[in-house]
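# A closer look at the structure
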Amino acid sequence: MSTSTADIDHFGIDITAIVRDYWDAAAIGDHRPGPLDDTGVHGQAWMVLLSRLLPSTRPLRILDVGCGSGFLTFTLAALGHTVTGLDVSPGMLRVGRAEAERRGLDDLRLVEGTAERPPGGLGPLDVVISRDLLWTLPSPESALGAWFDLVRPGGKVLGVDALRSEELLRATTGREYPAEVLDSLPLLHAHDLDPVENLWLRSGLEEVMVEELRWMDAVVHAEVPVHERPMTRRLGYFLVEGVRPAR
Amino acid sequence: MNTGPLGTAQLQADMAESMQRYWDATAESYAGHDHFEPDDPRRRAWSLLLARMFPPTEPKKILDVGCGSGFVALSLAELGHRVVGLDISPEMLRMCGTAAEVRGLTNLALVRGAAEQPPPDLGPVDAVISRHVLWTLPWPEQAVRAWAALVRPGGRVVAIDSLWSPQLISDMDDRDYPPEVTRFLPLLHARHLNPARNLWRRAGLGRVMAERLAWIDGVLRTRSPAAAATMYQNLSFYFVEGIRPVSPRPDLHRGVI
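So, here's what we can say about the structure. (Residues numbered from 1 in each chain as written. Chains lettered and ligands numbered in written order. Predicted model: local features only at pLDDT ≥ 70, side-chain atom pairs only at ≥ 80, totals over all residues.)

## Digging into the overall build of chain B
Our working rule: Numbering goes from the N terminus for both helices and strands, where a helix is a DSSP run of H or I of at least four residues and a strand is a run of E of at least two. Radius of gyration: over C-alpha atoms. The globule rule applied is 2.2 Å multiplied by the number of residues raised to the 0.38 power. Buried means a residue has 20 or more other C-beta atoms within 10 Å of its own C-beta, exposed means 12 or fewer, and partly exposed covers the counts in between; C-beta atoms are placed from the backbone. Contact between two residues is assigned whenever their backbone-derived C-beta positions fall within 7 Å.
For chain B, the helix and strand inventory stands at 10 helices and 7 strands. For 257 residues, the compact-globule estimate of 2.2 N^0.38 gives 18 Å, and the C-alpha radius of gyration of chain B, at 17 Å, lies within 12% of that figure. Across its three principal directions, the C-alpha atoms of chain B cover 50 × 45 × 30 Å. Burial statistics for chain B: of 257 residues in total, 44% are counted as buried. A separation of at least 24 residues holds for 73% of the contacts in chain B among residues at least 6 apart in sequence.

## Some thoughts on the pairing of strand β5 (residues 151–164) of chain A
All names here are of chain A. As a reminder of what qualifies: For two strands to count as paired, DSSP must find a minimum of two bridges between them.
Across the 14 residues of β5, 11 count as buried, placing the element largely inside the fold. Across 6 bridges, the pairing between strand β4 (residues 125–131) and β5 is parallel. Note on β5: the bridge partner recorded for Ser 130 is Gly 159. Note that β5 and strand β7 (residues 235–243) share 9 bridges and pair antiparallel.

## Things to note about the nonpolar core
Nonpolar side chains in soluble globular proteins tend to end up buried together. Stated formally: We define the nonpolar core as any set of buried residues of the types Ala, Val, Leu, Ile, Met, Phe, Trp, Tyr and Cys, connected via C-beta atoms lying within 7 Å of each other.
Among the nonpolar cores identified, the biggest contains 140 residues, and Val 128 of chain A together with Val 128 of chain B are the most heavily contacted of them. Once residues lying within four places of it in the same chain are set aside, the contact partners of Val 128 of chain A are Leu 63, Val 65, Trp 147, Leu 150, Val 151 and Val 157 of chain A.

## Quick look at the environment of Pro 166 of chain B
Residues and elements named next belong to chain B. Relative to the helices and strands, Pro 166 is located in helix α6 (residues 166–171). Looking at Pro 166, the number of C-beta atoms within 10 Å reads 12, which means it is exposed. Residues Pro 166 and Val 151, spaced 15 residues apart in sequence, show a C-alpha to C-alpha distance of 34 Å.

## Re the interface of chain A and chain B
Keep this limit in mind: Note on residue categories: nonpolar means Ala, Val, Leu, Ile, Met, Phe, Trp, Tyr, Cys or Pro, charged means Asp, Glu, Lys or Arg, and polar means any other residue, Gly included.
Taken together, the contact between chain A and chain B spans 30 residues of the former and 26 residues of the latter. Broken down by secondary-structure element, the contributors of at least two residues to the side of chain A that touches chain B are α2 (41–53), β5, β6 (206–212) and α9 (214–223) of chain A. Taken together, the residues that form the side of chain A that touches chain B break down as 17 nonpolar, 6 polar and 7 charged.

Set out below in structure tokens:
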């Protein structure tokens, strides 16, 4: 993966490598993921949301794309589903694997790879899900194409992410990703849900639905430490979902 | 019987208990809140709305889910429909029954049960309606699926609810709804109609429509006493409706993923 040159764009910038390095550093640095609190109110909120959107009485085969250190992966596993986590960052996966081991989740798979070109052997799946990933994809259409191919006919592709205010973007420019990466992320700059809905529609998914998750905004805002609230106030969570046509 | 999704049985049971306790404790004050006298222009507006949705010239069998003290159920019965009112709270049902007696209505039956899990033998009906129920539900998809299952193919599922101003939501406290439930309510916090529309689509209903009831808002804001008028400034009513398809497409949203 690390020696792949396939992600270098036609301006010669390997965005995937920059993104991977950023998250590897984050996994051990100041942005190290906090405790995976999936028992608190925030964890409960995700349990409620996921059980609403995946109303199955039997376990589903789910791929969590951009799983990071595994918050969503563990929440889905706690709901009883069979989950595989996929992430570009080996550093994040290490954090996730240590947590999986601590919890005794032996059959949880955490694999390395990109959202746009996932490794083989992952499908067919009932659901492909991502959380806080769409914004960081330089080529979201390729990712949706790959996810479409991974779910079985009738399966669901689900994304949860947030719209960010101009103000928040200006305040963080260059601090997270370098400016040339931020410049090339189409969904990071979205002001409304049309680009996201269109992304799902363009991939051939049907029954496409988008909606703002104002209640999740309120939960996140109330749960983060007070110094993070100026940031969370400028995030607007949303969901997008669609179904691969049966034929 | 747990018909809920995988892994959330305990969370659902805890929240259901909080909600039941709340509604039982609230029955009396709630009935007073929405009680309009027969000649009240606000009651007239609501009745005109319901008559547009369910014309008295075409009498139907209608289930009013979460009927409370009977705001919708009584109006529909007065329009000549055969109505069944369903509510979780025995106290609410008692008040609704009394009001029906006072008005001499014999075409209204009352049943105790939860909005999310209505007794299956209540169907098939021509339509299911609810008013100010959606916002109270942490798992609204489950409820709408259950309502869709109760209407006959070709029948309608209709709900009336309102978008709440952020101010009104932040003013809510445990007298208004249990806080441990309030924070998870998708429709209470919604600012647009998409979340409601999507519930109907996820339930497999067809011809889904949603619209703001600016007309009702206008009547409530201009024809209410000052305190209530201020409250109505912070609410905007809407409805959402859909039809149960005669031949549904196989679809994962309804729990058969």
